[in-house]
Amino acid sequence: MNDRLSTGRRRTINAPTQTSMILKIVKYGESVLARPTEQVTAFDRELRELVDNMLETMYAAPGVGLAATQVGIGRRLFVMDCSTEKDKRQKIALINPVIESEEGEQIGQEGCLSVPGFYFDIKRPRKVVARGQDLDGNPVVLEVRDLEARCISHEVDHLDGKLLLVHLSPLKRDMLERKVKKKMKRGDW
Ligand SMILES: [Zn+2]
């Protein structure tokens, strides 16, 4: 996910770890974004590398959340950092996430790195409790609110094969689809 605040802010050069690299972010229209994901079963080095690369890709975009489907991988995990690298505690990788409960609501501008250049007012829960696993497979419970709650809701949607478009009115969705098709024709997507 990205929001207006994070957009346009470039990541200061921060030597990436030797193995991490920026992955290609797939865009709306690619089938991997529309499919539900598979559970992660191996908590190995490959998973760690994927998470490192996803974080690197998210920071470089820049964005505050990134789901595995957005880098073309149909597995159930996402990364997020709503502090944009300012607070280490907010740097999160959640494996096999499930939303356990939601409370309240918030309406705010939201964008998606897979639908670049578009922002919409979208209603999300104010507070979210999510369960999942860390990189070692240990159970994790996250209780978050505000931007982090918006972000988790957005990323778990991705892992269920849903883009933020599902929260738009049919009229707004049609408008977006038309604009994206034009961009595709121009080779600008
Ligand atoms: Zn997104």
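These numbers were taken from a predicted model, which means no experiment stands behind them. (Residues numbered from 1 in each chain as written. Predicted model: local features only at pLDDT ≥ 70, side-chain atom pairs only at ≥ 80, totals over all residues.)

Novice: What is the right way to look at the overall build of the protein chain in this model?
Specialist: In terms of regular secondary structure, the protein chain is built from three helices and seven strands. When its helices and strands are written in sequence order, the protein chain yields α-β-β-β-β-β-β-β-α-α. In terms of overall dimensions, the protein chain is globule-like: its C-alpha atoms have a radius of gyration of 16 Å, near the 16 Å expected for 189 residues. Projecting the C-alpha coordinates of the protein chain onto the three principal axes gives extents of approximately 45 × 40 × 30 Å. Here the protein chain holds 189 residues, and 33% of them are scored as buried. A separation of at least 24 residues holds for 68% of the contacts in the protein chain among residues at least 6 apart in sequence. (Helix = DSSP H or I, 4+ residues; strand = E, 2+ residues; numbered from the N terminus. Rg over C-alpha atoms; globule rule 2.2 N^0.38 Å. Buried ≥ 20, exposed ≤ 12 C-beta atoms within 10 Å, placed from the backbone. Contact = placed C-beta atoms within 7 Å.)

Novice: Mind showing me how you'd approach the sheet that holds strand E2 (residues 77-80) here?
Specialist: Each strand in a sheet pairs with its neighbour through backbone hydrogen bonds, running either in the same direction (parallel) or in the opposite one (antiparallel). Strand order in this open sheet of five strands is E1-E2-E3-E6-E7, and the pairing throughout is antiparallel. On the outer flanks of this sheet lie strand E1 (65-67) and strand E7 (139-145), each paired with one strand and no other. Neighbour-to-neighbour, the strand axes of this sheet turn through a mean angle of 40°, independent of strand direction. The pairing of E1 with E2 spans three bridges and is classified as antiparallel. Bridge pairing in E2 links Gly65 to Met80. (Pairing = 2+ DSSP bridges. Axes fitted to C-alpha atoms, helices over the stretch in contact; angles between N-to-C directions.)

Novice: Please clarify how the environment of Glu105 should be interpreted in this entry.
Specialist: Mapping Glu105 onto the fold places it in the loop between strand E3 (92-103) and strand E4 (106-110). As a C-alpha pair, Glu105 and Ala149 span 44 residues in sequence and 9.9 Å in three-dimensional space. Apart from residues lying up to four places away in sequence, Glu105 is in contact with Lys123, Arg124, Pro125 and Arg126.

Novice: Looking at this model, I keep getting lost on helix H1 (residues 45-60). Mind explaining?
Specialist: Think of an α-helix as turning once every 3.6 residues; residues three or four places apart then point the same way. The end-to-end C-alpha separation of H1 is 23 Å, in line with the 22 Å expected for 16 residues at 1.5 Å each. Considering only its buried residues, H1 is in contact with E1 and E2. (Expected span 1.5 Å × (residues − 1).)

Novice: Looking at this structure, how should I read the confidence of the model for the protein chain?
Specialist: In regions of low pLDDT, the predicted coordinates are not meant to be interpreted in detail. Chain-level pLDDT for the protein chain is 92 on average; 92% of the residues reach the 70-or-more range. Taken as a whole, residues 8-14 scores under 50 in pLDDT and shows six contacts with residues more than four places along the chain or in a different chain. (pLDDT = per-residue confidence, 0-100.)

Novice: Just checking my understanding: could you explain helix H2 (residues 146-159) for this structure?
Specialist: Spanning 14 residues, H2 covers 20 Å between terminal C-alpha atoms, matching the ideal 20 Å at 1.5 Å per step. Burial runs high along H2: 13 of the 14 residues are buried. Once H2 finishes, Gly161 follows within two positions and takes phi at roughly 80°, a positive value.

Novice: How should I be thinking about the pairing of E7 in this particular structure?
Specialist: By the bridge criterion, seven bridges tie strand E6 (residues 127-133) to E7 in an arrangement that is antiparallel. Across the sheet, Arg131 pairs through a bridge with Val141, a residue of E7. Count of turn residues in the E6/E7 antiparallel hairpin: five residues, of which Gly137 carries a positive phi of about 90°.

Novice: What is the right way to look at unusual backbone geometry in this model?
Specialist: Glycine aside, residues mostly have negative phi, and peptide bonds are mostly found in the trans state. For the bond running from Ala61 to Pro62, omega is -10°, close enough to zero to count as cis. Topologically, Pro62 is positioned in the loop between H1 and E1. Of note, Thr84 is a non-glycine position whose phi angle comes to about 45°, a positive value.

Novice: Explain the environment of Thr84 to me, please; I cannot follow it from the model alone.
Specialist: Its location among the elements puts Thr84 in the loop between E2 and E3. Once the C-alpha coordinates of Thr84 and Pro170 are considered, the two residues, 86 residues apart in sequence, prove to be 33 Å apart.

Novice: How should I be thinking about the nonpolar core in this particular structure?
Specialist: For soluble globular proteins, nonpolar side chains are generally found buried alongside one another. Counting residues in each nonpolar core, the largest one holds 38 residues, and the members touching the most others are Met54, Phe78 and Val79. Contributing elements (two or more residues each) for this core: H1, E1, E2, E3, E6 and H2. (Core = buried A, V, L, I, M, F, W, Y, C linked by C-beta atoms within 7 Å.)

Novice: Can you walk me through the environment of Glu30 in this structure?
Specialist: Within the secondary structure layout, Glu30 lies in the segment before H1. A tally of 14 C-beta atoms within 10 Å means that Glu30 is categorised as partly exposed. Each C-alpha atom of the pair Glu30 and Lys183 lies 14 Å from the other, and the pair is 153 residues apart in sequence.

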